[in-house]
Amino acid sequence: MEYLSERLKALSVSQTLAMAQKSREMKAMGIDVINLSIGEPDFHTPDDIKEAAKKAIDDNFTSYPPVPGYADLREAISEKFNRENGLDYSPDQIIVSAGGKHSLINVMLTIVNPDDEVIIFAPYWVSYYDQIILAQGKPVVINTTIDNDFKVTPSQLEEAITPKTRAIIFNSPSNPTGMVYTREEMESIARIVEKHEGVFIISDEIYEHITFTGEHVSMASFDSVYDRVITVNGVSKGYAMTGWRIGYIGAPLWLAKGVNKLQGQFTSGVSSIAQRAALAAVTSTGNSREVMRDAFLKRRDLVCRLLEDIDGFKIRVPQGAFYVFPEISYYFGKKDGENVINDSTDLSMYLLEKAHVAVVGGAGFGSPNCIRLSYAASDKELIEAVKRIKEVLGKLK
Ligand code: PMP
Ligand code: GLU
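Note that this is a predicted model, so its numbers are computed, not measured.

1. As for the environment of Gly250
- Here Gly250 shows up in strand 8 (residues 247-250).
- Judged by its relative accessible area of 0%, Gly250 is buried.
- The spacing of Gly250 and Arg183 is 67 residues in sequence and 20 Å in space, taken between C-alpha atoms.
- With residues near it in sequence (within four places) discarded, Gly250 still touches Phe81, Tyr89, Gln93, Ile94, Val229, Ile230 and Thr231.

2. Details of the site of ligand 1
- Lining the immediate environment of ligand 1, one finds 13 residues, of which Gly100, Asn175, Asp204, Tyr207 and Lys237 sit closest.
- Between ligand 1 and Lys101 there is a distance of 3.0 Å, counted from an oxygen atom to a backbone nitrogen or oxygen.
- Asn175 is positioned such that a nitrogen or oxygen atom in its side chain is 2.7 Å from an oxygen atom of ligand 1.
- When ligand 1 sits alone it has 390 Å² of accessible area, and the protein chains cover 93% of it.
- Judged by the fraction of its atoms near the pocket grid, ligand 1 is located in the largest pocket.
- Class assignment of the residues belonging to the shell around ligand 1 gives a composition of 4 nonpolar, 5 polar and 4 charged.

3. A short note on the packing of helix 3 (residues 47-58) against helix 10 (residues 272-282)
- Here helix 3 crosses helix 10 at 140 degrees, and the two axes come no closer than 8 Å. Two packed elements cross with a definite hand, and for helix 3 against helix 10 that hand is right-handed. For the pair formed by helix 3 and helix 10, the contact residues are Asp48, Ile49, Ala52, Ala53, Ala56 and Ile57 on the first element and Ile273, Arg276, Ala277, Ala280 and Ala281 on the second.
- A class-by-class count of the residues in the contact of helix 3 with helix 10 yields 9 nonpolar, no polar and 2 charged.

4. Overview of the pattern of salt bridges
- For the structure shown, the criterion picks out 26 salt bridges.
- Ionic pairing is found between Arg289 and Glu84, a salt bridge with its closest N-O pair at 3.0 Å. Residue Arg289 is located in helix 11 (residues 288-307), and its partner Glu84 is located in helix 4 (residues 71-85); the two are separated by 205 residues in the primary sequence.
- According to the relative accessible area criterion, Arg289 is buried, its value standing at 19%.
- Since its relative accessible area comes to 26%, Glu84 is described here as partly exposed.
- For Lys387, the salt bridge goes to Glu384, with nearest N and O atoms at 3.7 Å. Placement of the pair is Lys387 and Glu384 together in helix 13 (residues 379-393), with a separation of 3 residues, close to one helical turn.
- On the basis of relative accessibility, which here comes to 28%, the residue Glu384 falls in the partly exposed class.
- Shared partners join several salt bridges into a network, and the residues in it are Lys80, Arg83, Glu84, Glu208, Arg289 and Glu290.

5. Considerations on the pairing of strand 4 (residues 138-143)
- Note that strand 3 (residues 117-122) and strand 4 share 6 bridges and pair parallel. Looking across to strand 4, one finds that Val118 is bridged to Pro139.

6. What about helix 2 (residues 15-28)?
- Here helix 2 is 14 residues long and its end C-alpha atoms lie 20 Å apart, about the 20 Å a rise of 1.5 Å per residue gives.
- Along helix 2, the positions that sit buried rather than exposed are Thr16, Met19, Ala20, Ser23 and Met26. What you see down the axis of helix 2 is that its buried residues fit within an arc of 125 degrees, all on one side.
- Elements that come into contact with the buried residues of helix 2 comprise strand 1 (34-35), helix 6 (126-134), helix 12 (344-355), strand 12 (357-358), strand 13 (360-361) and strand 14 (371-374).

7. What to know about the nonpolar core
- Counting residues in hydrophobic clusters, the biggest one holds 50 residues, and the most contacted among them are Ile119, Phe121 and Leu157.
- Looking at this core, the element that brings in the most residues is helix 10, giving 8 residues.

8. Examining the site of ligand 2
- Surveying the vicinity of ligand 2 reveals the residues Ser14, Thr16, Leu17, Ile38, Gly39, Lys101, Trp125, Asn175, Tyr207, Lys237, Tyr323 and Arg372.
- Residue Lys237 places a side-chain N or O atom 2.9 Å away from a nitrogen atom belonging to ligand 2.
- Between Arg372 and ligand 2, the recorded distance is 2.7 Å, taken from a side-chain N or O atom to an oxygen atom.
- Of the residues that constitute the shell around ligand 2, the class distribution is 5 nonpolar, 4 polar and 3 charged.

9. Remarks on the side chain of Ser174
- Residue placement: Ser174 occurs in the loop between strand 5 (165-171) and helix 8 (183-194).
- Owing to a relative accessible area of 7%, Ser174 belongs among the buried residues under this scheme.
- In this structure the side chain of Ser174 is engaged in a polar contact, spanning 2.9 Å, whose partner is the side chain of Thr177.
- If near-sequence neighbours (up to four positions away) are discounted, Ser174 is found in contact with Met179, Ala321 and Tyr323.

10. A look at the packing of aromatic side chains
- Enumeration over the complete set of coordinates arrives at 18 aromatic pairs.
- Arranged with centres 5.9 Å apart and planes meeting at 20 degrees, the rings of Tyr124 and Tyr129 form a pair that is stacked.
- The partly exposed category is assigned to Tyr129, whose relative accessible area is 31%.
- Ring geometry for Phe296 against Phe322: centres 5.0 Å apart, planes inclined by 45 degrees, an arrangement best described as tilted. Placement of the pair is Phe296 in helix 11 and Phe322 in the loop between helix 11 and strand 9 (323-324), with a sequence separation of 26 residues.
- When its relative accessible area of 0% is taken as the criterion, Phe322 is described as buried.

11. Comments concerning empty space enclosed by the protein
- Taken as a whole and assessed by the stated rule, the structure comprises 4 cavities of 30 Å³ or more.
- Of the voids in this model, the largest cavity is the one considered here, and its volume is about 150 Å³.
- What lines the largest cavity is a set of 17 residues, and nearest its centre among them are Phe121, Pro123, Asn171, Ser174 and Tyr181.
- The set of elements that each furnish at least two residues to the lining of the largest cavity consists of strand 3 and strand 5.
- When grouped by side-chain class, the residues that make up the lining of the largest cavity number 12 nonpolar, 4 polar and 1 charged.
- Estimates place the volume of the second largest cavity at around 40 Å³.
- Forming the walls of the second largest cavity are Ser172, Pro173, Val180, Tyr181, Met186, Thr211, Glu215, His216 and Val217.

How each quantity is defined
- Residues numbered from 1 in each chain as written.
- Chains lettered and ligands numbered in written order.
- Predicted model: local features only at pLDDT ≥ 70, side-chain atom pairs only at ≥ 80, totals over all residues.
- Heavy atoms only, no water.
- Helix = DSSP H or I, 4+ residues; strand = E, 2+ residues; numbered from the N terminus.
- Buried < 20%, exposed > 50% of the residue type's maximum accessible area, 1.4 Å probe, protein only.
- Contact = heavy atoms within 4.5 Å.
- Near = heavy atom within 4 Å.
- Polar contact = N/O pair within 3.5 Å; in protein donor to acceptor, adjacent residues only side chain to side chain.
- Areas by Shrake-Rupley, 256 points an atom, 1.4 Å probe, with all protein chains shown as cover.
- 1 Å grid on protein atoms, 1.4 Å probe; cavity = no way out; pocket = protein on both sides within 12 Å on 5 of 7 lines; lining within 4 Å.
- Sits in = over half its atoms within 2 Å of the grid points.
- Nonpolar A, V, L, I, M, F, W, Y, C, P; charged D, E, K, R; others polar.
- Axes fitted to C-alpha atoms, helices over the stretch in contact; angles between N-to-C directions.
- Left-handed = near helix turned anticlockwise from the far one by under 90°.
- Salt bridge = Lys/Arg side-chain N within 4 Å of Asp/Glu carboxyl O.
- Pairing = 2+ DSSP bridges.
- Expected span 1.5 Å × (residues − 1).
- Arc of directions from axis to C-beta.
- Core = buried A, V, L, I, M, F, W, Y, C linked by side-chain atoms within 4.5 Å.
- Phe/Tyr/Trp six-rings, centres within 6.5 Å; stacked < 30°, edge-to-face > 60°.
- Points joined across faces, edges and corners; volume = space filled by probe spheres on them.

What follows is the structure, encoded as structure tokens:
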């Protein structure tokens, strides 16, 4: 007999992690799978950051750390916000958590009451939806279209806000679309939110350093909403540190205090060693971030050029992050012998089984007509993956 809680039963499995796991299992069986499912830089953590972690062990950073993060790390993040984003967050407005994902759920659990509505823009990152459910909130999904670059219009947002709205999750650069909102587009969102007291913007800026537009705009930089924005960020993507599990928020003081209280009962703070590595990352004067970003830009151009050559793939060229999100509904209803493609989940399974290429179906992102490919892979893998995809799709009639 199993006694799983209703809370747990309401959750779905993370599709990104599930596909990554499937592809690991196939690799373990000796199958040559190209994994374009999980979104993580394929670079190693830069050496200066690794050295800082080794030194932290030797310097005996081995006791419980302060719950909200080491004081010097929060100071350094405060300076980073000021220097890179023009944001004024004092160190006590900053809380360090075990990854951006943890920062997000902390915020949700801190401000969402049962049945409060939280607005998300589809395509949305897989975990937003389930984190809202976990916090007993109600996800309200605004759908966008590829023809509008997967962006929400001000009138759509206006219509979606109700007296029950507690928060809006905003993510630019976006996972899974790679779209980046312009300053003007963000300003019109801020203008709407400023009129609705008690509505917060959770601004997930985890891809800020992987932006090809030349500037990253922080939602909290619009003064009229500054005290209603929670800026979520972390070191996973910009510094190739996914495994270290460090994320952080800059938030209104009362909210940061709430998250601190929650974290005090939950994790007692974040790994001391990883925090010392994160301190080296946010204070680093090296150019590893830029080198990685430039590599992603080259791969974006490569993968988009290759994908344009596939029948029935409609794409928008991403402006940031390392994902491309083709619309693939052209293949719905087509078959190859026994295999019938009814939706994007079928298509992603077909690509995994027949082409040995792992991608993620769009359904988990709220966009069942699309699939997501992560181009955080080598040129060689990308070329081979697209070749295989093209070949097997050619068999669908
Ligand atoms: N937000 C988005 C949009 C992401 O793609 C990720 C990557 N998993 C995260 C947050 C969380 O990243 P992490 O927990 O590794 O910091
Ligand atoms: N952000 C990555 C992705 O979307 C990592 C996986 C995850 O955290 O869900 O694939």
